[in-house]
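Listed here are the chains, written in short residue letters.
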Amino acid sequence: MRRGTFREGTVDYAAVGASHAPDLMQYPPEHSLPAEESWRIGSGEDRFRTAGDALLSWTAQRAAGLELEDVRPSAGPTYAGVSFDNEGNAIAPSRREQEQRYDAEGTPYVGPGMTLKVHGRVKGLKADAELRVISVTEEPRRIGFVLGTVGGSVVSGEEAFDVDWREDNDEVWFTVRAFDAPTRMSYRLFRGLVKRRRRELFARYLRAISPLYATPL
């Protein structure tokens, strides 16, 4: 099992880890809009492993039309600060060495403490941001990570991506949870723009990870 997080003080919002809170949809962080979607994407270990590898190699972001730049792994040993279980409870910190993986283009796989910049537009709406990987989970039946905004975005908040291989029925599910607090005046006045942007991002993430969609956007 691999699990790690980074320090809270490196992002531009306070509710670090709230994307995994069980009551996110009922009680989101102040001034933010919550969102959650889950999709069944198949069954069995092969589907789980394939989806998990795609997730950790940034397939969802690239397929959403986002260009990744300046992807930097955390310097030195991975710092595992406050991590979170499935119910949003804090887990004791630890420190561990981890081997960095790279895709065929030489881009580092997702790792705790990693920073990156994304550029793009979604339905005509700006999607630029500087991000940090807050946590990474690699467990026998769950693979995922959390991205938090550092700056340069029209919203501040988190996105949590998880692929779960359910033990009771062998099904594999892909779940994305997020909360967005508008930072630009136009988005504060017209909060529907935030929801529109989020809906389109979720749809594109699904196209990337689900085998039902052979060609991502």
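About the criteria used
The residue numbering used here restarts from 1 in each chain and proceeds along that chain's sequence as written. In keeping with the predicted nature of the model, local features appear solely for residues at pLDDT of at least 70, side-chain atom pairs appear and are counted solely at 80 or more, and the whole-chain, interface and lining totals rest on all residues. Excluded from the side-chain calculations are hydrogens and water; all other atoms, namely the structure's heavy atoms, are used. The rule is short: rings of Phe, Tyr and Trp, with Trp giving its six-membered ring, pair when the centres are within 6.5 Å, and they are stacked under 30 degrees, edge-to-face over 60, tilted in between. Secondary structure counts use DSSP, requiring at least four H or I residues in a row for a helix and at least two E residues in a row for a strand, with both numbered from the N terminus. To sort residues, take the accessible area from a 1.4 Å probe on protein chains only and compare it with the maximum for the residue type: under 20% means buried, over 50% means exposed, and anything in between is partly exposed. One requirement defines pairing of two strands: DSSP has to find at least two bridges between them. Residues belong to one nonpolar core when they are buried, are Ala, Val, Leu, Ile, Met, Phe, Trp, Tyr or Cys, and are joined through side-chain atoms within 4.5 Å. The contact criterion used throughout is that any non-hydrogen atoms of two residues lie within 4.5 Å. The pLDDT value expresses, per residue, how confident the predictor is, ranging between 0 and 100. As used in this structure description, the phrase polar contact means that two N or O atoms lie within 3.5 Å; if the pair is within protein, one of them must be able to donate a hydrogen and the other to accept it, and residues adjacent in sequence are counted only when both atoms belong to side chains.

A few words now on the packing of aromatic side chains. According to the stated counting rule, one finds seven aromatic pairs in the structure shown. The interplanar angle of 25° and the centroid separation of 5.0 Å between the aromatic rings of Phe 145 and Phe 161 together place this pair among those described as stacked. Of this pair, Phe 145 sits in strand β12 (residues 142–151) while Phe 161 sits in strand β13 (residues 155–165), and the two are 16 residues apart along the sequence. By relative accessible area, which is 2% here, Phe 145 ends up buried. Relative to Tyr 205, the ring of Phe 161 lies with its centre 5.1 Å away and its plane at 75°, an arrangement referred to as edge-to-face.

Here we come to the pairing of β12. The element β12 is largely enclosed, with a buried count of nine among its ten residues. Where strand β11 (residues 129–139) lies against β12, nine bridges are found, and the strand directions are antiparallel. Looking at β12, one finds that Glu 138 is bridged to Ile 143. Hairpin connection of β11 to β12: two residues between the antiparallel strands. As judged from the seven bridges shared by β12 and β13, these two strands associate in the antiparallel manner. The partner of Arg 142 across the bridge, within β13, is Asp 164. Adjacent in sequence and paired antiparallel, β12 and β13 are bridged by three residues, among which Gly 152 carries a positive phi angle near 75°.

Moving on, we get to the nonpolar core. Judged by nonpolar contacts, the single largest core of 42 residues is most densely connected at Trp 58, Phe 145, Phe 174, Tyr 205 and Ile 209. Top element by residues in this core is helix α4 (residues 192–209). It accounts for six residues. If we ignore the near neighbours within four places in the chain, the residues touching Tyr 205 are Ala 60, Gln 61, Ala 64, Glu 159, Phe 161, Phe 174, Val 176 and Arg 198.

For the chain, per-residue confidence averages 84 on the pLDDT scale, and residues scoring 70 or more make up 82% of the total. For residues 1–9, every residue scores under 50 in pLDDT, and the model assigns this stretch 42 contacts once sequence neighbours within four places are set aside. Across residues 78–82 the pLDDT falls below 50, and counting only partners more than four positions away or on other chains, this stretch makes 22 contacts in the model.

To continue, consider the side chain of Thr 10. When you line up the elements, Thr 10 lands in the loop between β1 (2–5) and β2 (33–43). A polar contact of 3.1 Å, which involves the side chain of Thr 10, links it to the side chain of Arg 132. In contact with Thr 10, not counting residues within four places along its chain, are Arg 132 and Val 150.

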